[in-house]
Every structure is written in C-alpha cells, then in structure tokens.
Amino acid sequence: MAISHGYIELADSLSSCKVLVVGAGGIGCELLKNLVLTGFKNIEVIDLDTIDVSNLNRQFLFQKKHVGKSKAQVAKESALQFCPSANITAYHDSIMNPEYNVEFFRKFMLVMNALDNRAARNHVNRMCLAADIPLIESGTAGYLGQVTVIKKGMTECYECQPKPTQKTFPGCTIRNTPSEPIHCIVWAKYLFNQLFGEEDADQEVSPDTADPEAAWKPEDTAARATASEKDGDIKRVSTKDWARSTGFDAVKLFNKLFKDDIMYLLTMDKLWKKRKAPTPLDWQQLEDSARPQEETPGSGLKDQQVLGVWGYCQLFQHSVETLSSHLQEKGEGAELVWDKDDPPAMDFVTAAANLRMHIFSMNMKSRFDVKSMAGNIIPAIATTNAVIAGLIVLEGLKILAGEVETCRTIFLNKCPNLRKKLLVPCVLDPPSANCYVCASKPEVTVKFNVHKTTVLALQDRILKERFGMVAPDVQIEDGKGTILISSEEGETEANNHKFLSDFGIRNGSRLQVDDFLQDYTLLVNVLHTEELEHDVEFEVVGEAPDKAPTPPSNQEEANSITNGNKDSAQPSTSSKAEDDSDDVMIVDSDEEEAASSATAKPAPSSGTKRKHSDAETGETSTKRPRTTQQSSAAADNDDDDDIIALD
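Structure report, in brief. Remember, predicted model here, so these are calculated numbers, not experimental data.

Reading the values: rules and limits
- Residues numbered from 1 in each chain as written.
- Predicted model: local features only at pLDDT ≥ 70, side-chain atom pairs only at ≥ 80, totals over all residues.
- Heavy atoms only, no water.
- Pairing = 2+ DSSP bridges.
- Helix = DSSP H or I, 4+ residues; strand = E, 2+ residues; numbered from the N terminus.
- Contact = heavy atoms within 4.5 Å.
- Axes fitted to C-alpha atoms, helices over the stretch in contact; angles between N-to-C directions.
- Core = buried A, V, L, I, M, F, W, Y, C linked by side-chain atoms within 4.5 Å.
- Buried < 20%, exposed > 50% of the residue type's maximum accessible area, 1.4 Å probe, protein only.
- Left-handed = near helix turned anticlockwise from the far one by under 90°.
- Salt bridge = Lys/Arg side-chain N within 4 Å of Asp/Glu carboxyl O.
- Phe/Tyr/Trp six-rings, centres within 6.5 Å; stacked < 30°, edge-to-face > 60°.
- Expected span 1.5 Å × (residues − 1).
- Bend = angle between axes of the 7 residues up to and from the residue.
- Polar contact = N/O pair within 3.5 Å; in protein donor to acceptor, adjacent residues only side chain to side chain.

So, about the sheet that holds strand E12 (residues 510-515). Taken together, the six strands give an open sheet; going across it, the order is E11-E10-E12-E13-E9-E14, and neighbouring strands pair in mixed fashion. Two strands in the sheet have a free side with no partner beyond their single neighbour: strand E11 (482-485) and strand E14 (539-540). Strands strand E9 (443-448), strand E10 (473-476), E11, E12, strand E13 (520-528) and E14 of the sheet are contacted by helix H16 (residues 455-466), whose axis makes an angle of about 70° with E11.

Grouped together as the largest cluster of nonpolar side chains are 56 residues, with contacts concentrated most on Phe258, Phe316 and Phe348. Of all the secondary structure elements, the ones that give two or more residues to this core are helix H7 (181-195), helix H9 (239-245), helix H10 (250-266), helix H11 (283-289), helix H12 (309-330), helix H13 (343-359) and helix H14 (367-374). Examining the composition of this core, we find that ten residues originate from one element, H13, more than from any other. Setting aside residues no more than four positions away along its own chain, Phe348 makes contact with Ala188, Leu191, Phe192, Leu195, Phe196, Phe316, Ser319, Val320 and Leu323.

The next point concerns the packing of H12 against H13. Put simply, H12 and H13 touch, their axes get as near as 8 Å, and they point 140° apart. Where H12 crosses over H13, the handedness of that crossing is left-handed. Contacts between H12 and H13 involve Val309, Tyr312, Cys313, Leu315, Phe316, Ser319, Val320, Thr322, Leu323 and His326 on the former and, on the latter, Pro344, Ala345, Asp347, Phe348, Thr350, Ala351, Ala352, Asn354, Leu355 and His358.

A few words now on the pattern of salt bridges. By the definition in use, this model includes 19 salt bridges. The partner of Glu477 in a salt bridge is Arg510, with the nearest N and O atoms 3.4 Å apart. Pair noted here: Glu477 is in the loop between E10 and E11 and Arg510 is in strand E12, with a separation of 33 residues, a long-range link. With relative accessibility at 40%, the residue Glu477 sits in the partly exposed group. Overall, the relative accessible area of 32% leaves Arg510 in the partly exposed class.

A word on the packing of aromatic side chains. According to the stated counting rule, one finds 19 aromatic pairs in the structure shown. One aromatic cluster in this structure is built from Trp187, Phe192, Phe196, Phe248, Phe254, Phe258, Trp283, Trp310, Phe316 and Phe348.

This part covers H10. In a regular helix each residue adds 1.5 Å, so 17 residues correspond to 24 Å; H10 covers 23 Å between its end C-alpha atoms and thus fits that length. At Lys256, H10 shows its strongest bend, of approximately 35°. Where H10 begins, the side chain of Asp249 points an oxygen toward the backbone nitrogen of Val251, at a separation of 3.0 Å.

The phi dihedral of Asp132 is positive, around 55°, even though this residue is not glycine. Residue position: Asp132 is located in the loop between helix H5 (118-131) and strand E5 (135-141). For Asp132, a relative accessible area of 41% gives the class partly exposed. Of note, Lys420 is a non-glycine position whose phi angle comes to about 60°, a positive value. Residue position: Lys420 is located in the loop between strand E7 (408-412) and strand E8 (423-427).

Structure follows, in structure tokens:
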C-alpha cells in the first residue's frame, strides 16, 4: 500500500520536533505514553510535584515504590520503557521559575499543558503568546473533559474570556453566620491552622465582633454571654496559646469552640432576627445522654457513613490528642501542615465541621463528602484522562502537519448527546479584542479605594493573584516616571505599606505594569471608589459582582469549590441544560449556525447568553453569543447541541 508524501513528512516531523509537556499527573502520564508511542522523540516534561499514594489509582506510570519521588523524573523513566530510543528531559521544578523564560519556550514547536492550577496555566499561556508557540490546553473534571488549541493571533488565548475568581467567603460568614456545609468546612480548616499550623490573622475562628451586620455594643451585652468561668472562658488571646495552656485538653477545647463561642454569638441579637439561632453543645450533657446504640456502625464504606453528634465528639477528641502528640514530637515552635491525605488531620476537620453544621442546623456530611470539599477536588477518573490525552495528541498532529485551521476545541461529555456522541468538537474562537493579555495594547480598569489600598495589596492581591503576574514592575504615568514597584529585591520595599494615595494616585491615574519574565505589559486605569461591598478589596470594571452569573445549585457542581482536581489542567465549563437532568454541556455553537440538520436545536438569539460552570470554582461564566457566520467548512460537523466554550 502506498504511503502518502504528507504522512512521511509528518512522521519525520515527529522524530525531529521538540515538544514540552507541562505537568506529569493524571493527564500528563497518559500524554507522555501517547507521545512516545506515536513517534515523538524529543520531549521535555516539567512538574514540581512528588508522587503521593493517592495518585497511584490513575497515574499509571507510578508505582508504590515511587511514592515521594519526583513525578517528572519517574514519568520519564517509565515512559522510556515504552520507547527506549526517545530523548526525554525531566525537570523537577515549577514552570513559573524565571529560568523558564521566553527563550526557553522558543526552542519548542509545541507546548502541551496538563496542569492543576489556574496561576500556572495563565503563566504558560502568556509565555507561549510571547514566544509565539502553539499551546494545547486541556483538563478533566470527573467524567467531563476538554481540549483546545491556542495560537497567537488566530485563536482566543486562555485568558480571553473572564473567569470568576476562586470561591471565597466573607470572614464574618465563616465566623458568625455559616449557612452552608462548605462554610463549616472552611472554618474547620482555619481552626486546624490556628491550633496546630501556621497562624493567620485572616483565618480567625472566634466570633467576629466587628461584623457590620451585628451592629451591637459588646460592652453592653457581653455580660449576657454565660460562658464557663473556667479554662473555657472566652479570652481574646492566640487560640494556639490558649490551647497549649490547657495541654490541648480536647474537652475544654470543645466547650470553648462549640459552647462558649456559640453562646457569645447568641448575644449578637441582630444576627438572629431573620436567621435560626445556633444551638450550643455541652460535652458533659452529650456524654451523659449518649446511647450506646447511637453510634452503631452503619452499612457501606466507613468514609461514606455519617456519624451521630456524640460520634463526632469522640472523633474530635481522638484527633486532637493525636495531632497535639504529633506537634509535641516536632518540638517547640513546630507547626503541622494540613493535608487531606493525612488521616488525623482529615478526622479533625471532619469532626469539627460536622459539629458546627449540627449547631447551625445543617445536615451533617460523611468524611468522603468533607474531604471532597475540603481538598477542593472532584473525583478523578482514569479513563477521562486517557481520552483527553489522546485528543491532545490528535490536535498536536494537526499543528505539526501545518493544519492549525482544522484544530478544534473538543469536549468530552458524561452522557451522549442527542446524536449519541460523547465527543463534541467546536470551532476555535478568534482572539478577543478586549482581552487584557493578548490584545495589541492590553488595558484594564480597576476600581478600589486609593486611600485604603496599599502598594503591597496592589502587587500581591491585584497584579499577582488577579492578573497572574509573577514579578511585576509598576510605573506611575505622572510625567515623572515614578517607580512604585520594582521586581528588583529591596528597591521599593519601603513603599509596601504605604497607601496608593500617598504617591499621588487618584481617580483617573494610570499605571504601566511590566512583567519582563512573561514579556507582558498591562496598562491599569485607576477608578477610585469608597463604595465597595464589605470584604471586597477591588473590582475589575466589567466583572462586578452584580454582573456575575449565579453559581449553580447542582450538588455535583457545587462540590467543586476552588481549584478543581489534581488532573484539572483546564476547568470544566459545563452547564446543565434547563430541561435536562444529566451532565450534558451546552453552549452556543459556531458549527451549529453552519449546520442545516433538521434535528438540531435552534441557536439562541443574539441577545442571549448562556452560563458555563467552572470546575475550579463551582461558579459560572458567561460565553458571548457568536454573531458572525463561520466558514462552510464547519458544516461538516452538525453536532450543535452539546458544545461548550472554554472558559
């Protein structure tokens, strides 16, 4: 059988081209295997993570003997067993290290992401744009998955569509008025750090007397807090110091957290006018009333059982004793780090969270459910990773064959669509003219109070966290070129705790921000305001909370509250159709407009928008409806109903 000239050229290209794989986890393992078996010979892989026991059920390049070792290095060694002639270079490092600059990226013909966090994905997106190298982005969330291609000047970049920020909660909600299980789980994680880990003032767990909703006078009503007069008395001292003074006595700690602090909350009358008031717990009363049959083990897996209140009291006591023992073994000044895979730590959070849920009249959760939310994970499925990794290679082959225009965003659905297909392609969108990353002159307007925002908050909270910069330099456009922030260590540290208004920054000021590592410049327009909501530090104009879509109520989606799972290189943007009960993903399709199938669902009108769930945050983002007709080439695919937009 004759072999086409194009096929020979492509085979030669595979053996000679150099590709970069970022991430060696669930998708990364499958991808490395696929690449070497497809014929790729020059591969570099980078991952900062080490192998954990929990990885072994799906990251098949790793075995039990590899636990604790570098993922990138072990993945390289295992992949070479499939193709010993391949040349694989492994880096046990962060891709955000300055060593991996634009010149580093330029030596590759193709970059493939298999990451697990948004900050790194934003960074790789910018590096590939700066180096003008094609990027294949991917991700999985349970049974859902997606793959897309990003090419400078041709397609949307990863940051073209605004994404909701990681789900966070006001401190007063966590400390005073929890209304959802996740609020109690966050509180329990804070409590772990306050007792055993690194104390953080932003993670206080005691009642918040500054809650603006309470509007009470502590000096007038504190006398009504009938807290214990003994060691459990409420004192505004370090939680860890107080716990140490009691010898980490679990019963005294219990009565402080679940009795005294709750009674203190009850004195904040206004909080409970429209809410059901919490019910304090007392250890002695619970112990006296505990019935032996109450905690009889139920059927099913242990982690999926929900205990009774006394059962969680006992789990709390046991976990406190175990964790305090571990802390003492480490010596004076030692700290423990919370890890969802550490049984005592997980027991503590499960017990503390459930006791607080009970106090605030919520249904308690199993250890499995608490772990899913506390660890910010969606159960990972090996077959989803395998399918997505295969699609990455297929899109990569198109790029290397010089057929970028045929690349597609491809979505893997949990359930077949009306045409009984699980895989649904969508034509790639062009770059957004308003993107603050890939536009010709990136520009953004940020609203904040210049009299309350410090230089450090501008650097860390706005430029690094919100806009994904690594080492920003900031110059005020004041005619004098005042340097506000320098990435050179020590040059502008004296400015850190000064307010922006101290430098003459006011409404209408403009800041030029450069990140030389990312080869990225952003112009920030300052919009001064004194009317931000409580606990809101800033807003990006056009992404104000009143314009944000409502988070999904579906429990499966709600379980994903922050950064997706370890395999989520790309957050799912799936959303359920209003009349469907499955997890089919819906979006306005370009190919839908070109298709003429009589069974296709009608496209939304140009004035409508659809919402897409973000598996990282559990929130939704809105995809702009398409207003332009695509080329007739799209008509070859008439699957118009289950396509979603990459967020």
